[in-house]
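Summary of structural features
Listed below, chain by chain, are the residues.
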Amino acid sequence: MDYKFDYLRELESESIFIMREVASQFQNPVILFSGGKDSILLTYLAIKAFYPARVPFPLLHIDTGHNFQETLDYRDWLVENYGLSMKVGYVQEAIDKGLVKEEKGYNASRNFLQTFTLLDELEKGKYDAALGGGRRDEEKARAKERFFSHRDEFGQWDPKNQRPELWNLFNGKKNFGEHFRVFPISNWTELDVWLYFEMEGFPLPNLYFAHERPVFERDGMLLADCDYIIKKPHEQVFVETIRCRTIGDMTCTGVWKSNAISLQEIIAEVATSRITERGGRTDDKRSETAMEDRKRQGYF
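Residues numbered from 1 in each chain as written. Predicted model: local features only at pLDDT ≥ 70, side-chain atom pairs only at ≥ 80, totals over all residues. Heavy atoms only, no water.

**Here's the deal with the packing of aromatic side chains**
Keep this limit in mind: The rule is short: rings of Phe, Tyr and Trp, with Trp giving its six-membered ring, pair when the centres are within 6.5 Å, and they are stacked under 30 degrees, edge-to-face over 60, tilted in between. Only protein chains enter the accessibility calculation, which uses a 1.4 Å probe; a residue is then buried when its area is under 20% of its type maximum, exposed when over 50%, and partly exposed in between.
With the rule as written, the count across this model stands at 10 aromatic pairs. An angle of 80 degrees between the planes, with centres 6.2 Å apart, marks the rings of W77 and Y82 as edge-to-face. Judged by its relative accessible area of 34%, Y82 falls in the partly exposed class. Of the aromatic side chains, those joined through ring pairs into one cluster are Y44, Y74, W77, Y82, W188, Y196, F197 and F202.

Written out as C-alpha coordinates, the structure reads:
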(Lines give C-alpha, C1' and ligand atoms only; values in the text may rest on other atoms or scores of the structure.)
Protein backbone atom coordinates (compact mmCIF):
# COMPACT_ATOMS: atom_id res chain seq x y z
CA MET A 1 0.00 0.00 0.00
CA ASP A 2 1.25 3.48 -0.90
CA TYR A 3 1.03 5.77 2.14
CA LYS A 4 2.47 8.78 0.31
CA PHE A 5 -0.83 10.62 -0.06
CA ASP A 6 -2.77 9.32 2.96
CA TYR A 7 -2.99 12.79 4.50
CA LEU A 8 -4.47 14.13 1.26
CA ARG A 9 -7.25 11.58 1.56
CA GLU A 10 -7.84 12.82 5.11
CA LEU A 11 -8.12 16.40 3.84
CA GLU A 12 -10.43 15.20 1.09
CA SER A 13 -12.60 13.35 3.60
CA GLU A 14 -12.82 16.40 5.88
CA SER A 15 -13.86 18.67 3.01
CA ILE A 16 -16.47 16.23 1.75
CA PHE A 17 -17.86 15.85 5.29
CA ILE A 18 -18.28 19.63 5.54
CA MET A 19 -20.01 19.81 2.15
CA ARG A 20 -22.47 17.14 3.23
CA GLU A 21 -23.07 19.06 6.45
CA VAL A 22 -23.95 22.09 4.35
CA ALA A 23 -26.38 20.00 2.30
CA SER A 24 -28.06 18.78 5.51
CA GLN A 25 -28.20 22.09 7.40
CA PHE A 26 -29.07 24.63 4.71
CA GLN A 27 -31.94 24.99 2.28
CA ASN A 28 -30.31 26.80 -0.62
CA PRO A 29 -26.47 26.71 -0.77
CA VAL A 30 -24.29 27.91 -3.63
CA ILE A 31 -20.63 27.37 -4.57
CA LEU A 32 -18.64 30.54 -5.25
CA PHE A 33 -16.62 29.91 -8.41
CA SER A 34 -13.78 32.22 -9.48
CA GLY A 35 -12.06 29.95 -12.00
CA GLY A 36 -8.98 29.69 -9.78
CA LYS A 37 -7.50 26.41 -8.59
CA ASP A 38 -9.16 26.55 -5.17
CA SER A 39 -12.66 27.01 -6.54
CA ILE A 40 -11.90 24.26 -9.08
CA LEU A 41 -10.83 21.99 -6.21
CA LEU A 42 -14.01 22.87 -4.32
CA THR A 43 -16.12 21.99 -7.36
CA TYR A 44 -14.26 18.74 -7.94
CA LEU A 45 -14.72 17.73 -4.28
CA ALA A 46 -18.43 18.53 -4.55
CA ILE A 47 -18.67 16.24 -7.58
CA LYS A 48 -17.05 13.45 -5.52
CA ALA A 49 -19.14 14.22 -2.41
CA PHE A 50 -22.48 13.65 -4.11
CA TYR A 51 -21.58 11.17 -6.86
CA PRO A 52 -23.38 9.50 -8.63
CA ALA A 53 -26.00 12.20 -8.11
CA ARG A 54 -25.41 15.64 -9.58
CA VAL A 55 -23.96 18.38 -7.40
CA PRO A 56 -27.02 19.76 -5.53
CA PHE A 57 -25.66 23.32 -5.43
CA PRO A 58 -25.37 25.75 -8.34
CA LEU A 59 -22.09 27.57 -8.99
CA LEU A 60 -21.99 31.37 -8.81
CA HIS A 61 -19.37 33.29 -10.78
CA ILE A 62 -18.98 37.05 -10.36
CA ASP A 63 -17.76 38.26 -13.75
CA THR A 64 -15.86 41.54 -13.49
CA GLY A 65 -15.63 41.88 -17.27
CA HIS A 66 -11.85 41.92 -16.82
CA ASN A 67 -11.25 38.19 -16.59
CA PHE A 68 -8.64 36.17 -18.39
CA GLN A 69 -10.39 34.63 -21.40
CA GLU A 70 -8.82 31.30 -20.45
CA THR A 71 -10.74 31.45 -17.15
CA LEU A 72 -14.07 31.88 -18.91
CA ASP A 73 -13.29 29.12 -21.41
CA TYR A 74 -12.39 26.71 -18.60
CA ARG A 75 -15.52 27.66 -16.64
CA ASP A 76 -17.75 26.86 -19.59
CA TRP A 77 -15.93 23.58 -20.24
CA LEU A 78 -16.29 22.50 -16.61
CA VAL A 79 -20.02 23.25 -16.50
CA GLU A 80 -20.70 21.40 -19.75
CA ASN A 81 -18.60 18.33 -18.99
CA TYR A 82 -19.87 17.74 -15.45
CA GLY A 83 -23.49 18.78 -15.85
CA LEU A 84 -23.21 21.67 -13.39
CA SER A 85 -25.59 24.57 -12.93
CA MET A 86 -23.90 27.97 -13.27
CA LYS A 87 -25.20 31.41 -12.30
CA VAL A 88 -23.24 34.51 -13.37
CA GLY A 89 -23.39 37.98 -11.85
CA TYR A 90 -21.98 40.81 -13.95
CA VAL A 91 -20.18 43.79 -12.43
CA GLN A 92 -20.75 45.68 -15.68
CA GLU A 93 -24.52 45.62 -15.07
CA ALA A 94 -24.03 47.31 -11.68
CA ILE A 95 -21.83 49.95 -13.31
CA ASP A 96 -24.37 50.58 -16.09
CA LYS A 97 -27.15 51.02 -13.53
CA GLY A 98 -25.06 53.49 -11.51
CA LEU A 99 -25.03 51.20 -8.47
CA VAL A 100 -21.24 51.22 -8.26
CA LYS A 101 -18.67 53.64 -9.58
CA GLU A 102 -15.82 52.38 -11.71
CA GLU A 103 -12.33 53.35 -10.60
CA LYS A 104 -10.19 55.50 -12.88
CA GLY A 105 -6.47 55.92 -13.33
CA TYR A 106 -3.41 53.70 -13.49
CA ASN A 107 -4.39 51.52 -10.53
CA ALA A 108 -8.07 51.16 -11.40
CA SER A 109 -9.54 47.73 -10.78
CA ARG A 110 -12.98 46.19 -10.70
CA ASN A 111 -11.89 43.71 -8.07
CA PHE A 112 -13.36 45.80 -5.24
CA LEU A 113 -16.64 46.24 -7.12
CA GLN A 114 -17.23 42.49 -6.95
CA THR A 115 -18.48 42.77 -3.37
CA PHE A 116 -21.65 44.65 -4.34
CA THR A 117 -22.46 42.24 -7.17
CA LEU A 118 -21.75 39.22 -4.97
CA LEU A 119 -24.04 40.41 -2.17
CA ASP A 120 -26.70 41.36 -4.71
CA GLU A 121 -26.58 37.90 -6.33
CA LEU A 122 -26.72 36.18 -2.94
CA GLU A 123 -29.79 38.25 -2.06
CA LYS A 124 -31.51 37.67 -5.39
CA GLY A 125 -30.87 33.94 -5.22
CA LYS A 126 -31.93 33.74 -1.56
CA TYR A 127 -28.85 31.66 -0.84
CA ASP A 128 -28.40 30.82 2.83
CA ALA A 129 -24.87 29.38 2.51
CA ALA A 130 -22.08 30.22 0.07
CA LEU A 131 -19.20 27.75 -0.17
CA GLY A 132 -15.84 29.32 -0.97
CA GLY A 133 -12.35 28.05 -1.69
CA GLY A 134 -10.55 30.11 0.94
CA ARG A 135 -7.58 28.49 2.71
CA ARG A 136 -6.08 29.59 6.01
CA ASP A 137 -2.50 29.56 4.70
CA GLU A 138 -3.25 32.13 1.99
CA GLU A 139 -3.46 35.35 3.97
CA LYS A 140 -3.58 36.50 7.60
CA ALA A 141 -7.25 37.55 7.44
CA ARG A 142 -8.25 34.15 6.09
CA ALA A 143 -6.29 32.46 8.88
CA LYS A 144 -8.90 33.82 11.30
CA GLU A 145 -11.80 32.19 9.48
CA ARG A 146 -13.87 29.29 10.80
CA PHE A 147 -15.24 26.56 8.51
CA PHE A 148 -18.74 28.01 9.02
CA SER A 149 -18.40 31.78 8.85
CA HIS A 150 -21.52 33.64 9.95
CA ARG A 151 -22.49 36.79 8.02
CA ASP A 152 -25.08 39.33 9.17
CA GLU A 153 -28.01 40.59 7.08
CA PHE A 154 -25.63 43.03 5.35
CA GLY A 155 -23.23 40.24 4.41
CA GLN A 156 -20.62 41.48 6.86
CA TRP A 157 -18.16 39.37 8.87
CA ASP A 158 -17.22 39.96 12.51
CA PRO A 159 -13.93 38.13 13.19
CA LYS A 160 -14.23 38.73 16.96
CA ASN A 161 -17.63 37.07 17.19
CA GLN A 162 -17.16 33.65 15.61
CA ARG A 163 -18.74 30.46 16.85
CA PRO A 164 -16.61 27.64 18.32
CA GLU A 165 -16.20 24.52 16.20
CA LEU A 166 -15.36 21.66 18.55
CA TRP A 167 -15.41 17.96 17.63
CA ASN A 168 -16.54 18.73 14.08
CA LEU A 169 -19.82 20.20 15.30
CA PHE A 170 -20.94 23.12 13.15
CA ASN A 171 -23.60 25.62 14.17
CA GLY A 172 -25.50 26.81 11.11
CA LYS A 173 -28.32 28.55 12.96
CA LYS A 174 -29.09 32.03 11.70
CA ASN A 175 -31.71 34.74 11.73
CA PHE A 176 -33.80 35.73 8.74
CA GLY A 177 -31.72 37.58 6.13
CA GLU A 178 -28.40 36.28 7.44
CA HIS A 179 -26.25 33.68 5.69
CA PHE A 180 -23.06 31.67 6.08
CA ARG A 181 -19.85 31.48 4.11
CA VAL A 182 -18.44 27.97 4.33
CA PHE A 183 -14.80 27.10 3.61
CA PRO A 184 -14.39 23.31 3.25
CA ILE A 185 -10.72 23.46 2.20
CA SER A 186 -9.58 25.75 5.03
CA ASN A 187 -6.95 23.27 6.24
CA TRP A 188 -5.37 22.72 2.83
CA THR A 189 -2.14 24.44 1.80
CA GLU A 190 -1.14 25.57 -1.69
CA LEU A 191 1.20 22.58 -1.94
CA ASP A 192 -1.58 20.22 -0.83
CA VAL A 193 -3.78 21.50 -3.66
CA TRP A 194 -1.16 20.82 -6.30
CA LEU A 195 -0.29 17.41 -4.87
CA TYR A 196 -3.96 16.48 -4.87
CA PHE A 197 -4.48 17.52 -8.47
CA GLU A 198 -1.43 15.49 -9.44
CA MET A 199 -2.83 12.46 -7.59
CA GLU A 200 -6.27 12.82 -9.15
CA GLY A 201 -5.17 13.86 -12.65
CA PHE A 202 -7.89 16.50 -12.96
CA PRO A 203 -7.37 18.99 -15.84
CA LEU A 204 -6.61 22.62 -14.99
CA PRO A 205 -6.57 25.92 -16.91
CA ASN A 206 -3.42 26.46 -18.98
CA LEU A 207 -2.83 29.75 -17.14
CA TYR A 208 -1.28 27.73 -14.33
CA PHE A 209 1.38 26.28 -16.61
CA ALA A 210 4.33 28.13 -18.15
CA HIS A 211 3.55 29.93 -21.39
CA GLU A 212 4.72 33.02 -23.21
CA ARG A 213 2.67 36.18 -22.71
CA PRO A 214 3.13 39.95 -23.19
CA VAL A 215 3.71 41.47 -19.75
CA PHE A 216 4.95 44.66 -18.11
CA GLU A 217 6.50 45.40 -14.74
CA ARG A 218 4.86 47.54 -12.06
CA ASP A 219 6.10 47.97 -8.49
CA GLY A 220 8.29 44.90 -8.73
CA MET A 221 5.52 42.66 -10.08
CA LEU A 222 4.69 41.42 -13.56
CA LEU A 223 1.19 42.04 -14.90
CA ALA A 224 -0.28 40.54 -18.06
CA ASP A 225 -0.70 43.18 -20.75
CA CYS A 226 -4.37 43.84 -21.49
CA ASP A 227 -6.74 46.62 -22.51
CA TYR A 228 -8.08 46.92 -18.95
CA ILE A 229 -4.92 48.45 -17.47
CA ILE A 230 -3.65 51.95 -18.29
CA LYS A 231 0.12 51.73 -18.46
CA LYS A 232 2.35 54.49 -17.18
CA PRO A 233 4.65 56.16 -19.73
CA HIS A 234 7.75 54.26 -18.59
CA GLU A 235 6.07 50.83 -18.49
CA GLN A 236 7.18 48.86 -21.50
CA VAL A 237 5.59 45.64 -22.71
CA PHE A 238 7.80 42.63 -23.37
CA VAL A 239 7.26 38.90 -23.84
CA GLU A 240 8.12 36.62 -20.93
CA THR A 241 7.61 32.96 -20.04
CA ILE A 242 5.25 33.08 -17.08
CA ARG A 243 2.49 31.29 -15.23
CA CYS A 244 -0.16 32.24 -12.68
CA ARG A 245 -0.10 31.00 -9.08
CA THR A 246 -3.45 32.60 -8.29
CA ILE A 247 -6.06 33.82 -10.75
CA GLY A 248 -8.40 36.77 -10.37
CA ASP A 249 -9.22 39.99 -12.19
CA MET A 250 -6.51 40.72 -14.78
CA THR A 251 -5.95 44.16 -13.29
CA CYS A 252 -4.72 42.76 -9.98
CA THR A 253 -3.33 39.31 -10.80
CA GLY A 254 0.44 39.27 -10.84
CA VAL A 255 2.14 36.62 -12.97
CA TRP A 256 5.37 34.78 -12.18
CA LYS A 257 8.42 34.02 -14.27
CA SER A 258 8.41 30.25 -14.55
CA ASN A 259 9.31 27.35 -16.79
CA ALA A 260 7.03 24.87 -15.00
CA ILE A 261 4.99 23.07 -17.65
CA SER A 262 3.82 20.10 -15.58
CA LEU A 263 2.28 19.51 -12.17
CA GLN A 264 5.50 17.88 -10.98
CA GLU A 265 7.45 21.02 -11.88
CA ILE A 266 4.85 23.28 -10.27
CA ILE A 267 5.04 21.22 -7.07
CA ALA A 268 8.83 21.52 -7.01
CA GLU A 269 8.55 25.27 -7.60
CA VAL A 270 5.98 25.84 -4.85
CA ALA A 271 7.89 23.65 -2.38
CA THR A 272 10.98 25.87 -2.68
CA SER A 273 9.27 29.26 -3.00
CA ARG A 274 9.77 31.85 -0.25
CA ILE A 275 6.99 34.10 -1.55
CA THR A 276 3.32 33.34 -0.89
CA GLU A 277 0.96 32.86 -3.82
CA ARG A 278 -0.88 36.08 -2.98
CA GLY A 279 2.41 37.97 -2.97
CA GLY A 280 1.60 38.76 -6.58
CA ARG A 281 -1.88 40.17 -5.94
CA THR A 282 -1.95 43.96 -6.16
CA ASP A 283 -5.36 44.11 -4.44
CA ASP A 284 -3.75 42.80 -1.23
CA LYS A 285 -1.14 45.56 -1.27
CA ARG A 286 -3.43 48.58 -1.02
CA SER A 287 -3.15 48.45 2.76
CA GLU A 288 -1.95 46.15 5.53
CA THR A 289 -5.55 45.11 6.22
CA ALA A 290 -6.84 45.08 2.63
CA MET A 291 -8.19 41.53 2.70
CA GLU A 292 -9.79 41.82 6.14
CA ASP A 293 -11.41 45.14 5.22
CA ARG A 294 -12.98 43.56 2.14
CA LYS A 295 -14.14 40.51 4.08
CA ARG A 296 -15.82 42.72 6.68
CA GLN A 297 -17.71 44.43 3.85
CA GLY A 298 -18.95 41.13 2.44
CA TYR A 299 -16.18 40.04 0.10
CA PHE A 300 -15.61 36.33 -0.53
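On we go from here.
**With respect to the packing of helix α1 (residues 6–25) against helix α6 (residues 190–200)**
As a reminder of what qualifies: An axis is simply a line fitted to the C-alpha atoms; with a helix, the fit covers only the stretch in contact. Between two such axes, the angle follows the N-to-C directions and lies from 0 to 180 degrees. Only DSSP runs of H or I with at least four residues qualify as helices, and only runs of E with at least two residues qualify as strands; both kinds are numbered from the N terminus onward. Any angle that is under 35 degrees is reported as roughly parallel, and any over 145 degrees as roughly antiparallel; angles of 65 to 115 degrees are reported as roughly perpendicular and all others as oblique. When checking whether two residues touch, look at their non-hydrogen atoms; a contact exists if any pair is within 4.5 Å.
Taken N-terminus to C-terminus, the directions of α1 and α6 make an angle of 100 degrees; their axes are 10 Å apart at the nearest point. As judged from the angle between their axes, α1 and α6 are roughly perpendicular. Contacts between α1 and α6 involve Y7, L8, R9, L11 and E12 from the former and D192, L195, Y196, M199 and E200 from the latter.

**Some thoughts on the environment of S24**
Stated formally: Polar contacts, as counted here, are pairs of nitrogen or oxygen atoms within 3.5 Å of one another; within protein the pair requires one atom able to donate a hydrogen and one able to accept it, and residues that are adjacent in sequence qualify only if both atoms are side-chain atoms.
Tracing the chain through its elements places S24 in helix α1. A polar side-chain atom of S24 sits 2.8 Å from the main-chain carbonyl oxygen of E21.

**A few points about the confidence of the model for the chain**
The condition that has to hold: The pLDDT value expresses, per residue, how confident the predictor is, ranging between 0 and 100.
Looking at the chain as a whole, its pLDDT mean stands at 85, while 84% of the residues score no less than 70. Below pLDDT 50 for its whole length, residues 283–287 participates in 18 contacts with residues either more than four positions away or in separate chains.

**Focus on helix α3 (residues 69–82)**
Operational definition: To estimate the expected span of a helix, count its residues, drop one, and scale the result by 1.5 Å. Taking the helix axis as origin, the arc is that swept by the directions to the C-beta atoms.
Under the 1.5 Å per step criterion, the end-to-end length of α3 is 20 Å for 14 residues, consistent within 8% with the ideal 20 Å. If you check which residues of α3 are buried, you get T71, L72, Y74, R75, L78 and V79. End-on view of α3: buried residues confined to an arc of 165 degrees, all on one side of the axis. Backbone geometry just after α3 places G83 at a positive phi near 60 degrees.

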